[in-house]
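# Structural description and commentary
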Amino acid sequence: MRGESSSELVIRARRVLTPSGMRAAEVRVEAGKIISVAEIPDRAGVSSWPRSVGKDDAAGRSASDARVFVELGDDEVLLPGLVDTHVHVNEPGRTDWEGFATATAAAAAGGVTTIIDMPLNSLPPTVDSGALEIKRAAATGQVAVDVGFWGGAIPGNERQRRGLHEAGVFGFKCFTVDSGVPEFPPLGDVRLAEAMRQVAELGSLLIVHAEDAACIGAAAGSRYADFVRSRPDAAEVAAVSRVIELAEETGARVHVLHLSSADVVPLLAAAQADGVPITAETCPHYLTLAAEDVGDGQTQFKCCPPIRDAANRDRLWDALAGGVISCVVSDHSPCPPEMKRLDTGDFGAAWGGISSVQLGLPVVWTAAAERGFSLADVVGWMASSPARLVGLGGKGVIEPGRDADLVAFAPDERFVVTADRLLTRHRLTPYLGQELRGAVRKTWLRGVQAGAGQQAGRLLLADRLFTRESAT
Ligand SMILES: [Zn+2]
């Protein structure tokens, strides 16, 4: 493996996604950081590129120094690496569900260069600094992309949260409803208010799985419509209303996870207009799948909150366009295929979670392009906004001073999702068999090519100097 500190990488492309739009540019990288983004004449031949580099040097190292020159093809675009702030790696403890090596190799293959790991499903859950240490030790030496960690807020860990914050978690996750695992119970109303006051005091961020337990019915059987009815829009509306009230009262920065119900959007819009520090994310499956298309017994589509109807989906896209929802992240939450209970197709018994970290970019881009959105929109939702959410100032944008986390993406290449392409531990995903648009050809992490067998990822600590203004 090449030492990244001495390397220099030069990438030229006719389409580089910069903050000021798509440009023909030469991106220079030193010691893992972008040092310049120089515009070059579009459609120019190699002889007129600003550097005297012959075609023979393309993708190779010149004899005289450690430079690597890469020239992207005309069908490729250079994008910033995606930042996926919602990934369940499940290691240690439930490593048979996923694990750092497979999750991060899949992330790199999908153009994701940073993930933030959720505090639950791994054992122990990340609810104190000792558990964080155990998780960091488990991740060490086996991550292909950069990895940060969320802490958890559960009943009883109030005194542990400051220590977790000081140890560098990016914020705290809590549930207002059963989480699916017994070791990570939800916060009731009083404890939710306490958690918000504490998060405000720490200057951290509370991320909330917001469904109101009182609105959730029992789910059983193989009819998808019954499952959706058991977790109605009203559950999200009630929980988010309460979260907004408390955010207003406490001044805590809060973020609504995996928003599914578009009925919540007007509430969020009003709160944001009033200056309440609240943001929201949605996920590729809510934006691209629809209840009408989920067959009975197809438990690979089960997640909580559920995938709703096509009209709801249209309104989620409107909320992205209007900026009320700012982030699109995977909520990658795989499990062993048996736990999806495809044998019985019982939505009550099946694990709720969708495996998608490797596919988010083509899944979202395919639908976004059909709806008239640009790659800049998609990258805003999937790279720059999530980076801003967690205060990762070095990530998510191609400009000097940022980490050289880069992706060569062929936006018009089409492919069919087959199990053999997937690098996750298990290959069950609702996207199997779908034809998608947009192929990730190459991913660089801090200027070094990332992928399976390459463990150049770092474990990230949150910058604790959050300010209110850093909220998107
Ligand atoms: Zn999740």
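Notes on the structure follow.

Cut-offs used in this document
Residues numbered from 1 in each chain as written. Predicted model: local features only at pLDDT ≥ 70, side-chain atom pairs only at ≥ 80, totals over all residues. Heavy atoms only, no water. Helix = DSSP H or I, 4+ residues; strand = E, 2+ residues; numbered from the N terminus. Rg over C-alpha atoms; globule rule 2.2 N^0.38 Å. Contact = heavy atoms within 4.5 Å. Areas by Shrake-Rupley, 256 points an atom, 1.4 Å probe, with all protein chains shown as cover. Lys, Arg positive; Asp, Glu negative; His and termini not counted. Charge placed at Lys NZ, Arg CZ, Asp CG, Glu CD. Salt bridge = Lys/Arg side-chain N within 4 Å of Asp/Glu carboxyl O. Buried < 20%, exposed > 50% of the residue type's maximum accessible area, 1.4 Å probe, protein only. Donors = N, O, S within 2.8 Å, 3.2 Å for Na, K, Ca; no water. Pairing = 2+ DSSP bridges. Axes fitted to C-alpha atoms, helices over the stretch in contact; angles between N-to-C directions. Polar contact = N/O pair within 3.5 Å; in protein donor to acceptor, adjacent residues only side chain to side chain. Phe/Tyr/Trp six-rings, centres within 6.5 Å; stacked < 30°, edge-to-face > 60°.

## Describing the overall build of the protein
For the protein, the count of helices and strands is 11 helices and 17 strands. Compactness check: the protein gives a C-alpha radius of gyration of 22 Å against a globular reference of 23 Å for 472 residues, within 12% of the reference. Principal-axis analysis of the C-alpha atoms places the extent of the protein at approximately 70 × 45 × 45 Å. The contacts in the protein between residues at least 6 apart in sequence include a share of 74% that link residues at least 24 apart. Put simply, the protein shows about 16800 Å² of open surface, and 49% of that area lies on carbon and sulfur atoms. Side chains of the protein give 47 positive and 60 negative charges; the mean places of these two sets differ by 4 Å.

## Brief notes about the pattern of salt bridges
Summed over all chains, the structure comprises 32 salt bridges. In this structure, R162 engages E201 in a salt bridge whose closest nitrogen and oxygen atoms are separated by 3.8 Å. Here the residue R162 occupies a position in helix 3 (residues 161-166), and E201 occupies one in helix 4 (residues 189-202), the gap between them amounting to 39 residues. Under the relative-accessibility criterion, R162 is labelled partly exposed at 41%. It is possible to trace a salt-bridge network through shared partners that takes in K33, D146, K395, D403, D405 and R446.

## Some details on the coordination of the zinc ion
Within the protein, H86 (NE2), H88 (NE2) and D331 (OD) serve as the donor atoms for the zinc ion, at 2.1 to 2.2 Å. Read in sequence order, the donor residues for the zinc ion give the motif H-x1-H-x242-D. On the basis of relative accessible area, H86 is assigned to the buried category, the value being 0%.

## Digging into the sheet that holds strand 6 (residues 82-87)
Within the open sheet, the three strands sit side by side as 6-7-8. Their pairing is parallel. Edge positions in the sheet fall to strand 6 and strand 8 (146-149), since each of these pairs with one other strand and no more. Taking each pair of neighbouring strands and ignoring which way they run, the sheet shows an average axis angle of 20 degrees. Bridge count for strand 6 against strand 7 (residues 112-117) is four bridges, and the pairing is parallel.

## With respect to the side chain of R402
For R402, the position within the fold is in the loop between helix 11 (375-389) and strand 15 (406-416). The class for R402 is buried, based on a relative accessible area of 17%. Looking at R402, its side chain comes within polar contact range of the main-chain oxygen of K395, at 3.0 Å. Setting aside anything within four residues of it in sequence, one finds R402 in contact with K33, I34, G393, G394, K395 and V397.

## Some points on the packing of aromatic side chains
The tally for this structure, following the rule as stated, stands at nine aromatic pairs. For the pair W97 and W351, a centre-to-centre distance of 4.8 Å together with 65 degrees between the ring planes defines the contact as edge-to-face. Taken together, the residues span a long stretch of sequence, with W97 in the loop between strand 6 and helix 1 (100-109) and W351 in the loop between strand 14 (327-328) and helix 10 (360-370) at a distance of 254 residues. In this structure, W97 and W351 share a single accessibility class: buried. Judged by centre distance (5.4 Å) and plane angle (25 degrees), the ring pair of W317 and F373 falls under stacked.

## Observations regarding helix 10
For helix 10, the buried fraction is high: 10 of the 11 residues fall into the buried class. Buried within helix 10 are the following residues: G360, L361, P362, V363, V364, W365, T366, A367, A368 and A369. G372 sits one or two positions beyond helix 10 and adopts a positive phi of about 85 degrees.

## Thoughts on the sheet that holds strand 12 (residues 253-256)
In spatial order, the strands read 9-10-11-12-13-14; together these six strands make up an open sheet with parallel pairing. With one partner strand each, in any of the chains shown, strand 9 (151-152) and strand 14 form the two edges of the open sheet. With four bridges joining them, strand 11 (residues 205-209) and strand 12 adopt parallel strand pairing. Residue V208 lies in a different strand from strand 12, and its bridge partner there is V256. Strands strand 12 and strand 13 (278-282) of the sheet are contacted by helix 7 (residues 265-273), whose axis makes an angle of about 145 degrees with strand 13.

## Let's talk about the pairing of strand 2 (residues 21-30)
For strand 1 (residues 8-18) and strand 2, the ladder comprises nine bridges, and the chain directions are antiparallel. For E8, the partnering residue across the bridge sits in strand 2 and is E30. Linking two consecutive strands that pair antiparallel, namely strand 1 and strand 2, is a turn of two residues. Bridging between strand 2 and strand 3 (residues 33-39) involves six bridges; their strand directions are antiparallel. Bridged to V29 within strand 3 is I34. Connecting strand 2 to the next strand, strand 3, in antiparallel fashion are two residues, including A31 with a positive phi near 50 degrees.

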